[in-house]
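Survey of secondary and tertiary structure
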Amino acid sequence: MIYKSLTNPSLTASFKEAATTGIAPDRGLYFPDHLPDLGRDFWASYAHMDKETLGYEVMKHFVGSDIDQQTLAEIASAAIDFDLPVVRLDDRIGVLELFHGPTLAFKDVGARFMARCLGYFSAQSGEKTTVLVATSGDTGGAVADGFLGVPGVEVVILYPSGKVSPLQEKQLTALGQNVRAVEVLGTFDDCQDMVKTAFVDQQVRSARKLTSANSINVARWLPQMLYYFVALQQKKSSDKPWVVSVPSGNFGNLCAGFVAQKLGLDIAHFIAATNSNKTVPDYLTTGVWTDRKSVATRSNAMDVAHPSNWTRIEALHANNFDALTTQISSYSYTDEQTLAAMQQLYQAYDYIADPHGAIGYLGIQQYLANHPDHFGVFLETAHPIKFTEVVSEALGFSPELPEGLQQLMQAEKKSTVIRNYAELKELLMEKHE
Ligand SMILES: *Cc1c(COP(=O)(O)O)cnc(C)c1O
């Protein structure tokens with residue numbers, strides 16, 4: 001597979017180059033040159049394919065010969081070796097639970113796939129790599145877990161101070177080893193801007209071999225397709241057409257869903273559900289893209305005002321505004337609505353949702369109200385335990401911490417506080433041991 005920069009298609013890269021550099025030299029996002037045909041044999045056996053085979057059979061088209069067959073099969077199966085169930089709440093609505101991985105959020109899938117790919121490439125070349133990543137909450141934990149102890153890779157994670165939950169913060173700051181947590185006095189967008197600046201800073205680049213682990217990296221973004229494949233295996237022949245609601249922040253998850261749909265999955269429509277960071281819903285309503293600053297909400301992993309992956313979603317729709325508005329419905333919800341949805345899910349179905357999943361649920365409800373001839377599936381992107389404060393605010397109790405996590409909550413926090421890019425640069429210019 002060849003990847004092209006979305007801003008300058010003459011800048012091309014192999015999977016390995018795209019995964020190890022993160023972003024094209026012109027700061028454009030890499031995008032597959034074409035979408036593969038999975039083939040008749042694939043679709044003939046898809047319904048009963050196990051997850052591990054599925055992972056390999058889909059990803060091989062995007063990785064090509066950059067990783068040998070057996071290694072890729074191992075990487076793909078390790079990335080999704082946990083449950084991805086569609087839990088049916090009633091005969092109209094189901095929840096695709098993506099939180100059964102080690103850090104309890106969907107980002108485990110992409111982060112584990114990517115960590116193993118980079119570990120493989122680094123061992124092959126003997127070159128040390130620094131993974132530089134900005135997190136609004138869950139990316140950092142998934143990336144830290146995926147890369148912990150991977151030889152030859154140092155991980156530097158930027159997160160907005162005071163804007164991630166206590167459990168999320170511990171998942172970033174308590175591991176140590178090759179994982180360094182950098183606490184930024186600013187917003188997630190500030191963190192993301194600093195990361196992007198470092199990537200085009202020649203001095204930093206000559207001191208370190210840098211790559212990103214955000215969903216801008218194809219090795220992190222593309223494997224997210226896999227859980228849509230696993231979900232659609234759970235569609236019943238009696239189900240009405242599926243509409244899938246994706247709680248969205250940086251829009252990587254939704255964008256992976258679109259790729260899966262274009263590869264042939266039977267998804268009738270997508271809903272992009274956001275919190276008050278509503279750049280996209282406003283754009284799809286008015287046709288005007290308004291630059292905003294991100295605002296802090298209860299669903300902090302979606303506090304993104306400039307969603308990086310939106311350009312990929314546009315590219316998948318030939319940059320045609322009408323096609324976009326036909327394919328996507330996008331709605332935004334306030335914190336009050338989010339808390340009320342969590343209460344409703346608990347009262348009606350005994351279901352404890354996290355605030356992000358609750359926003360997905362609101363999107364499904366709003367769509368089904370006008371399109372009752374569909375079956376709605378919303379993505380539950382994190383375990384409610386990651387957002388206990390919000391759960392207890394909504395429901396009056398907090399889910400109990402599993403044992404492994406109790407230990408983590410007592411571990412010591414270690415972070416480096418920075419204010420601006422100059423301070424990040426100084427840290428990156430230190431020698432990478
Ligand atoms: C990252 C995250 C999101 C947003 O996903 P994007 O791919 O950035 O749109 C939603 N919910 C949770 C819990 C997350 O961690």
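The structure displayed is predicted, hence computed values, not measured ones. Counting restarts for each chain: residues are numbered from 1 in the order of the written sequence. pLDDT decides what is reported in this predicted model: residues at 70 or higher carry local features, side-chain atom pairs at 80 or more are listed and counted, and totals for whole chains, interfaces and linings draw on all residues regardless. With hydrogens and water excluded, all non-hydrogen atoms of the structure serve as input to the side-chain values.

Turning our attention to the overall build of the protein chain. In terms of helices and strands, the protein chain carries 20 helices and 14 strands. Using C-alpha atoms as the atom set, the radius of gyration is obtained and then compared with a globule rule of 2.2 Å times the number of residues to the power 0.38. For 433 residues, the compact-globule formula gives about 22 Å, and the C-alpha radius of gyration of the protein chain, at 20 Å, lands near that figure. With respect to the principal axes defined by its C-alpha atoms, the protein chain has extents near 60 × 50 × 45 Å. Buried means the residue's accessible area, taken with a 1.4 Å probe over protein chains only, is under 20% of the maximum for its type, while exposed means over 50%, and partly exposed covers the values in between. Counting every position in the protein chain, which comprises 433 residues, the buried fraction comes to 59%. In this description, contact between two residues means that some pair of their heavy atoms is separated by no more than 4.5 Å. Nonlocal contacts in the protein chain, meaning residues at least 24 apart in sequence, comprise 75% of its contacts between residues at least 6 apart. Carbon and sulfur atoms make up 48% of the accessible area of the protein chain, which amounts to about 16500 Å² in all. Put simply, DSSP H or I for four residues or longer makes a helix, DSSP E for two residues or longer makes a strand, and each gets a number counted from the N terminus. Each accessible area is a Shrake-Rupley estimate made with a 1.4 Å probe; only the visible protein chains count as cover when residues are assessed.

Right, let's get into the sheet that holds strand β12 (residues 328-332). One open sheet accounts for six strands, arranged β4-β5-β13-β10-β11-β12; its pairing is mixed. Bordering the open sheet on either side are β4 (86-88) and β12, each of which pairs with just one other strand. For this sheet, the mean inter-axis angle between neighbouring strands, taken without regard to orientation, is 25 degrees. As paired elements, strand β10 (residues 242-247) and strand β11 (residues 269-274) share five bridges and run parallel to each other. Note on β11: the bridge partner recorded for proline 247 is alanine 273. Contacts between helix α11 (residues 225-232) and the sheet are confined to β4, β5 (93-97), β10, β11 and β13 (375-380), with β10 contributing the most and set at about 145 degrees to the helix. Pairing between two strands requires that DSSP report at least two bridges joining them. To obtain each axis, a line is fitted to C-alpha atoms, and for helices this fit is confined to the stretch in contact; angles are then taken between N-to-C directions over 0 to 180 degrees.

Nearness is defined per residue: one heavy atom within 4 Å of the molecule or strand is enough. Taken together, the neighbourhood of the ligand is formed by 15 residues, with Lys107, Asp138, Gly249, Asn250 and Thr381 sitting nearest. As used in this structure description, the phrase polar contact means that two N or O atoms lie within 3.5 Å; if the pair is within protein, one of them must be able to donate a hydrogen and the other to accept it, and residues adjacent in sequence are counted only when both atoms belong to side chains. The contact in question runs from an oxygen atom of the ligand to an N or O atom on the side chain of aspartate 138, over 2.5 Å. Within the contact set of the ligand, an oxygen atom lies 2.8 Å away from a backbone nitrogen or oxygen of asparagine 250. When the ligand sits alone it has 380 Å² of accessible area, and the protein chains cover 98% of it. For the shell around the ligand, the per-class residue count stands at six nonpolar, seven polar and two charged. All amino acids are sorted into three groups, where Ala, Val, Leu, Ile, Met, Phe, Trp, Tyr, Cys and Pro are nonpolar, Asp, Glu, Lys and Arg are charged, and the leftover types, Gly among them, are polar.

So, about the environment of lysine 60. Within the secondary structure, lysine 60 is located in helix α3 (residues 51-63). Counting along the chain gives 22 residues from lysine 60 to leucine 38, while the straight-line C-alpha distance between them is 9.9 Å.

An order of β2-β1-β3 is seen for the three strands of this open sheet, with the pairing classed as antiparallel. A strand with exactly one partner marks an edge of an open sheet, and here the two such strands are β2 (12-13) and β3 (30-32). Sheet topology note: the strand β1 (residues 3-5)/β3 ladder contains three bridges and is antiparallel. Directly across from tyrosine 3, in β3, lies its bridge partner proline 32.

This brings us to the domain arrangement of the protein chain. Those domain boundaries reflect an automatic or database domain assignment. Under the domain assignment used here, the protein chain contains domain 1 (3-75 + 107-220 + 412-428) and domain 2 (84-106 + 224-395). Placing the centre of domain 1 and that of domain 2 at their C-alpha centroids yields a distance of 22 Å. Contacts between the two partners involve 45 residues from domain 1 and, on the opposite side, 41 residues from domain 2. Once two parts are joined, some of their accessible surface, as seen by a 1.4 Å probe, is lost; buried area is that loss totalled over both. For the pairing of domain 1 and domain 2, the buried interface totals around 3600 Å² over both sides, and the portion due to carbon and sulfur atoms is 59%. Between Lys or Arg on one side and Asp or Glu on the other, a salt bridge is scored when a side-chain nitrogen of the former is within 4 Å of a carboxyl oxygen of the latter. Along the contact surface separating domain 1 from domain 2 lie one salt bridge. A salt bridge links lysine 386 to aspartate 138; the nearest nitrogen and oxygen atoms lie 2.8 Å apart. Across the contact surface, domain 1 and domain 2 share 21 residue pairs in polar contact (both at pLDDT 80 or more). By residue number, the principal contributor to the side of domain 1 that touches domain 2 is α3, which donates six residues. For the side of domain 1 that touches domain 2, a count of residues per class yields 24 nonpolar, 11 polar and 10 charged.

Multiplying 1.5 Å by the helix residue count minus one yields the expected span of that helix. Helix length check: α3, at 13 residues, gives a terminal C-alpha distance of 18 Å against a target of 18 Å (1.5 Å per residue), a fit within 8%. Regarding α3, the residues found buried are Lys51, Leu54, Gly55, Tyr56, Val58, Met59, Phe62 and Val63. With its phi angle positive at about 65 degrees, glycine 64 sits one or two positions after the end of α3.

Membership of the largest hydrophobic core comes to 93 residues, with the highest contact counts inside it found for Phe15, Phe62, Phe113, Met225, Tyr228 and Phe229. Counting residues domain by domain, this core receives three or more from each of domain 1 (3-75 + 107-220 + 412-428) and domain 2 (84-106 + 224-395). By nonpolar core is meant a set of buried Ala, Val, Leu, Ile, Met, Phe, Trp, Tyr and Cys residues that side-chain atoms within 4.5 Å join together. Within the second largest apolar cluster, 31 residues are counted, among which are Met342, Ile359, Ile364 and Ala394.

Across the interface, helix α8 (residues 188-199) lies against helix α20 (residues 421-429) with an axial gap of 10 Å and an inter-helix angle of 50 degrees. Between α8 and α20, the interaxial angle falls into the category oblique. For α8 against α20, the interelement crossing comes out right-handed. Only Tyr421, Leu424 and Leu428 of α20 make contact with α8, whose side of the interface consists of Met194, Thr197 and Ala198. Here the residues of the contact of α8 with α20 are counted per class, giving five nonpolar, one polar and no charged. Orientation is classified from the angle alone, with under 35 degrees giving roughly parallel, over 145 giving roughly antiparallel, 65 to 115 giving roughly perpendicular, and any other angle giving oblique. Less than a right angle of anticlockwise turn of the near helix away from the far helix marks a crossing as left-handed, whereas a clockwise turn marks it as right-handed.

What follows concerns the packing of aromatic side chains. Aromatic contacts are taken between Phe, Tyr and Trp rings whose centres are within 6.5 Å, Trp giving its six-membered ring; a plane angle under 30 degrees counts as stacked, one over 60 as edge-to-face, and the others as tilted. In this structure the tally under the stated criterion is 22 aromatic pairs. A centroid spacing of 5.5 Å and a plane angle of 40 degrees characterise the contact between tyrosine 227 and tyrosine 228, whose relative ring orientation is tilted. In this pair, the class of tyrosine 227 matches that of tyrosine 228, namely buried. The structure contains a cluster of three or more aromatic residues connected by ring pairs, namely Phe106, Tyr227, Tyr228, Phe258 and Phe270. Here, a charge over a ring is recorded when the distance from Lys NZ or Arg CZ to the ring centre is within 6 Å and its angle to the ring normal is within 35 degrees. Residue placement shows arginine 312 over the ring face of tryptophan 221; its charged tip is 4.1 Å from the ring centre.

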